[in-house]
Amino acid sequence: MLKVTHIFCILFLTCTFSNAQQITAEELVKQIKSASSENIEGFLNQFLDIDTKDDDWVIHALDLAYYFYKKEQYGKSLTLTEASIEISKKNQKATHLSKAYLRKGNIYMQQGENENALTAYYSLLQVAEKEANANYQFFARMNIAVIHRMMRQYKKALEKCTEALQIIDETDYKNKRNHVNLLTILGETYLDMEQLDTALNHIENGLVISEKLNYSHGKVDLLIKKGIISYKKEKYKDALNHLHQAEDILEEDTLTNDFYQKTYTNYFLAASFFKQEKYQQTVDQLLKTIKLLENDSKRDVYILDTYLLLAKSYNKLQNTEQTLFWHDEYLKLNAILEKDKNKVQTKIYEEETQLFKNQIAVLKKEKEESNTIIWYAVACAAIFIIIWIVTLSRSVKKERSNKVVFNKLTSKIESLNTQYHNITNRKSAQKLFDIEDEKVAAILKGIDKLEAANYFLSLDCSLSAMAKKLKTNRSYLSQIIRTHKKKKFNEYINELRITYTINRLQTDTKFCKFSIASIAKEVGYKSDYSFVKHFKERTNVKPSDYIKKILEKTPD
């Protein structure tokens, strides 16, 4: 009986081993992508241990490398990439080898290992030149330029950008998104070198192409750079205009990895307000970045500048507590960044930093002195109260008489203040929006008509599209909506869409049975993620929970 049992166990193990051997690379990739985090390592090792590593295996390995790269699991991505390079070299597959070297360079760039990234990109360039592959030559040169720029080697960066630009006609990227990306790098490099007019020329060329392609990500980058150039030229109104355009696109479109774009936009909008001595607006703009950091804590030189500018703004507003708090946050982050060998020091406010440190030292000293003064003040107040009590009986009549006069004077001052504030507010409103009343009225009437026609439910509803329908431009329309609707364009559209959704859900049971994705499209959202986000902001509950509550109240 024991022998029979042993035979069955051996047969079972043999079958299991045989089935394991039969699992293909493609099946393992599917298992890895669907596996829980604790099981991924086992499947990944099984994939790497496959005996026959042919071209198909390399394709699957590079696919997995990209999968882990997007999840920021760079260790796993690099392991798969290195294995792909080794097999591609053996099989002499230049296309796979080029793709692997590109992925390797991108991994090292994301980790801040610039020297290793350069080595990978130069390896890519060598293979691409040998195979006369213009597309990969273009990518290699463009990414090498990015690394050199990050390392402040601007001449080398320009050299590689120029080489990439010279061969762009031979690639598939002429007047495409990568052409825009290259012009952006050129603009950024000239901007770093303070050659503002040359930078602006490349940025304008990039904007023309991105506009034709409707390439929002590229357009935002370029508008931010254009705003920075205006800021550096001390044209702060122009800077605000370009940066507000970038801000509108970032709010209107759901862009991936837009944290840094939002951070840069907020920073330079705030810096422009600061230069105009609008310190409260500076603070309000910077606090948008602080809110972003609640969900995505990052250490970056512009976060450092954000903390410093917050401290300076609060100092101008004479808020000592907040000034000292944000200056301490600045010092903490600066200490962390000092340890980073690849840190790029900011030049903005660099000259003022030492002066501001002296101001902070004075503030701290004043705070300490004020604590001492408070104790003296308390003692003096106690003495004064005793003297006041003694003399109170003598001054009661005089006090009453003075009080009547004082009250009359106070009322008069308050009345004058009220009149002054009313006049000031009217002047502010006039300055805020200086447009012909008839034209504004016509546009507002057009907005009401579009609203009545439920235009906001259209998937194509955008600031640009609505401006076109109303025969005006997006900046003009945006200003009118901000002034008369008391909100930004996207806030206005989202409010209409969510209000419509709520009303329809409460009155249309069939609508309640739609999927979330279908409801999102029905009310004008291109993605259910965006719909859920705005619905929850308005109602504090997810749409699925809201619908569930409605259906529970509705009889079958």
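Residues numbered from 1 in each chain as written. Predicted model: local features only at pLDDT ≥ 70, side-chain atom pairs only at ≥ 80, totals over all residues. Heavy atoms only, no water.

Let's talk about the overall build of the chain
Quick reminder of the rule: Helix and strand assignments follow DSSP, with helices taken as H or I runs no shorter than four residues and strands as E runs no shorter than two, numbered in order from the N terminus. Residue burial is assigned from relative accessible area. The probe radius is 1.4 Å, only protein chains are included, and a residue is buried under 20% of its type maximum, exposed over 50%, and partly exposed in between. We call two residues in contact whenever any of their non-hydrogen atoms come within 4.5 Å of each other. Note on areas: Shrake-Rupley, 1.4 Å probe, and residue coverage restricted to the protein chains presented here.
From N to C terminus, the chain includes 26 helices and zero strands. Across the 556 residues of the chain, 42% fall into the buried class. A fraction of 63% describes how many contacts in the chain between residues 6 or more apart in sequence connect residues 24 or more apart. For the chain, the exposed surface amounts to about 33300 Å²; the carbon and sulfur share of it is 52%.

Quick look at the side chain of Thr-282
Relative to the elements of secondary structure, Thr-282 occurs in helix H15 (residues 279-295). Look past the residues within four positions of Thr-282 in its chain and what remains in contact with it is Ala-270, Phe-273, Phe-274, Leu-309 and Ser-313.

Concerning unusual backbone geometry
Even without a glycine there, the phi angle at Asn-175 is positive, about 60°. Tracing the sequence through the fold places Asn-175 in the loop between helix H9 (154-166) and helix H10 (177-192). Relative accessible area serves as the criterion here: at 40%, Asn-175 is assigned to the partly exposed category. Phi is positive for Asn-454, close to 60°, though the residue is something other than glycine.

Looking at the nonpolar core
Formally: For the purposes of this section, nonpolar cores are sets of buried Ala, Val, Leu, Ile, Met, Phe, Trp, Tyr and Cys residues that join through side-chain atoms within 4.5 Å.
Ranked by size, the top nonpolar core spans 106 residues in total, and within it Phe-47, Trp-57, Leu-64, Phe-68, Leu-80, Phe-138 and Tyr-307 carry the most contacts. With residues up to four places along the chain from it excluded, the contact list for Tyr-307 reads Ile-290, Leu-293, Trp-326, Glu-329, Tyr-330 and Leu-333.

Description of the packing of helix H13 (residues 236-252) against helix H21 (residues 474-484)
Basically, it comes down to this: Here an axis means a line fitted to C-alpha atoms, over the contact stretch when the element is a helix, while the angle between two N-to-C directions is reported on a 0 to 180 degree scale. The labels follow the angle: roughly parallel below 35 degrees, roughly antiparallel above 145, roughly perpendicular from 65 to 115, and oblique for the rest. Residue classes follow a fixed rule: Ala, Val, Leu, Ile, Met, Phe, Trp, Tyr, Cys and Pro count as nonpolar, while Asp, Glu, Lys and Arg count as charged, and any other residue, Gly among them, counts as polar.
In the contact formed by H13 and H21, the axes pass within 12 Å of each other and the chain directions differ by 75°. Between H13 and H21, the angle is such that the two are roughly perpendicular. Along the contact surface, H13 presents Asn-241, His-244, Gln-245, Glu-247, Asp-248, Ile-249 and Glu-252, while H21 presents Arg-474, Ser-475, Ser-478 and Arg-482. Residue classes in the contact of H13 with H21 are distributed as one nonpolar, five polar and five charged.

As for the packing of H10 against helix H12 (residues 216-232)
For clarity, the cut-off: Each crossing is labelled by how the near helix is turned from the far one, with a counterclockwise turn of less than a right angle marking it left-handed and a clockwise turn marking it right-handed.
Packing of H10 against H12 brings their axes to within 10 Å, and their N-to-C directions diverge by 20°. Looking at the two axes, H10 sits roughly parallel to H12. When the axes of H10 and H12 are compared, the crossing they make is left-handed. Here Val-180, Thr-184, Glu-188 and Leu-191 of H10 lie close against H12, whose contacting residues are Gly-218, Asp-221, Leu-222, Lys-225, Ile-228, Ile-229 and Lys-232. The residue makeup of the contact of H10 with H12, split by class, is five nonpolar, two polar and four charged.

Some thoughts on the environment of Tyr-215
Here Tyr-215 shows up in the loop between helix H11 (196-213) and H12. Judged by relative accessible area, Tyr-215 falls into the buried class, the value being 8%. For the pair Tyr-215 and Lys-176, spaced 39 residues apart in sequence, the C-alpha separation works out to 9.2 Å. In this structure Tyr-215 touches Arg-177, Val-180, Asn-181 and Ser-210, once residues within four positions along its chain are discounted.

Some remarks on a nonpolar patch on the surface
Under the convention used in this document: Only residues above 30% relative accessible area that lack a salt bridge enter a patch, with like-charged residues linked at up to 9 Å and the nonpolar side chains Val, Leu, Ile, Met, Phe, Trp and Tyr linked at up to 5 Å. Any carboxyl oxygen of Asp or Glu within 4 Å of a side-chain nitrogen of Lys or Arg constitutes a salt bridge here.
Taken together, Phe-384, Ile-385, Trp-388 and Ile-389 make up a surface patch of nonpolar side chains, about 450 Å² in accessible area. Counting through the fold element by element, Ile-389 comes out in helix H18 (residues 350-432).

With respect to the pattern of salt bridges
Evaluated as defined, the whole model comprises 26 salt bridges. The closest approach of N and O atoms between Asp-169 and Lys-174, which form a salt bridge, is 3.5 Å. Of the charged contacts, one joins Glu-247 and Lys-288 as a salt bridge, the two residues approaching to 3.0 Å between their closest N and O atoms. Here the residue Glu-247 occupies a position in helix H13, and Lys-288 occupies one in helix H15, the gap between them amounting to 41 residues. Salt bridges sharing common partners tie together Glu-129, Arg-141, Lys-160 and Glu-163.

Points about the environment of Gln-322
Within the secondary structure, Gln-322 is located in helix H17 (residues 320-338). For Gln-322 and Lys-312, which are ten residues apart along the polypeptide, the C-alpha to C-alpha distance reads 9.7 Å.

Side note on the confidence of the model for the chain
Fine structural detail should not be taken from predicted coordinates in areas where pLDDT scores are low. The condition that has to hold: Residue-level confidence of the predictor, termed pLDDT, takes values from 0 up to 100.
Of the residues in the chain, 78% have a pLDDT of 70 or more, and the chain-wide mean is 82. Between residues 6-21, whose pLDDT stays under 50, and residues either more than four places distant or in other chains, the model counts one contact. Low pLDDT, under 50, characterises residues 341-352; the stretch is placed with 27 contacts to residues that sit more than four places away or in other chains.

With respect to the packing of aromatic side chains
For clarity, the threshold we go by: Pairing of aromatic side chains here covers Phe, Tyr and the six-membered ring of Trp, requires ring centres within 6.5 Å, and sorts the geometry by plane angle: under 30 degrees stacked, over 60 edge-to-face, intermediate tilted. To sit over a ring, a charge needs its Lys NZ or Arg CZ within 6 Å of the ring centre and within 35 degrees of the ring normal.
Summed over the entire model, instances satisfying the criterion amount to 20 aromatic pairs. Ring geometry for Tyr-67 against Phe-68: centres 5.3 Å apart, planes inclined by 70°, an arrangement best described as edge-to-face. According to the relative accessible area criterion, Phe-68 is buried, its value standing at 0%. Ring geometry for Phe-259 and Tyr-260: centres 5.3 Å apart, planes at 85°, overall edge-to-face. Across from the ring centre of Tyr-69, 4.8 Å away, lies the NZ or CZ of Arg-103, which sits over that ring. Over the ring of Tyr-525 we find Arg-497, and its NZ or CZ is 4.9 Å from the ring centre.

As for helix H7 (residues 114-130)
What counts is decided by this rule: Expected span of a helix, by definition, is 1.5 Å for each gap between consecutive residues, and there is one gap fewer than residues.
For H7, spanning 17 residues, the distance from its first C-alpha to its last is 24 Å, which sits close to the expected 24 Å at 1.5 Å a residue. The set of residues buried in H7 consists of Asn-114, Ala-117, Leu-118, Ala-120, Tyr-121, Ser-123, Leu-124, Leu-125, Val-127 and Ala-128. Close packing links the buried residues of H7 with helix H6 (94-110), helix H8 (134-150) and H9. Note on H7: the residue one or two positions beyond its end, Ala-132, has a positive phi of about 55°.

Things to note about the side chain of Thr-189
Secondary-structure assignment places Thr-189 in helix H10. Here Thr-189 falls in the buried class, since its relative accessible area comes to 0%. Excluding residues that lie within four positions of it along the chain, Thr-189 makes contacts with Arg-149, Tyr-154, Ala-157 and Leu-158.

Considering a negative patch on the surface
Counted only if it meets this: A residue counts as positive if it is Lys or Arg and as negative if it is Asp or Glu; His and the chain ends are not included. To locate a charge, take NZ of a lysine, CZ of an arginine, CG of an aspartate or CD of a glutamate.
On the surface, Glu-26, Glu-27, Asp-54 and Asp-56 cluster together into a patch of negative charge. With respect to the helices, strands and loops of the structure, Glu-27 is situated in helix H2 (residues 25-34). Overall, the relative accessible area of 39% leaves Glu-27 in the partly exposed class.

A closer look at helix H25 (residues 528-539)
Here is the rule: The arc in question is the one spanned by the directions pointing from the helix axis to the C-beta atoms.
When the terminal C-alpha atoms of H25 are compared, their 16 Å separation across twelve residues agrees well with the 16 Å that a helix rising 1.5 Å per residue should span. Residues Ser-530, Phe-531, His-534 and Phe-535 constitute the buried set of H25. Down the axis of H25, the buried set is contained in an arc of 125°. They therefore lie on one face. The exposed residues of H25 that point more than 90 degrees off its buried face are Tyr-529 and Glu-537. Two residues or fewer after H25 comes Asn-540, characterised by a positive phi angle close to 70°.

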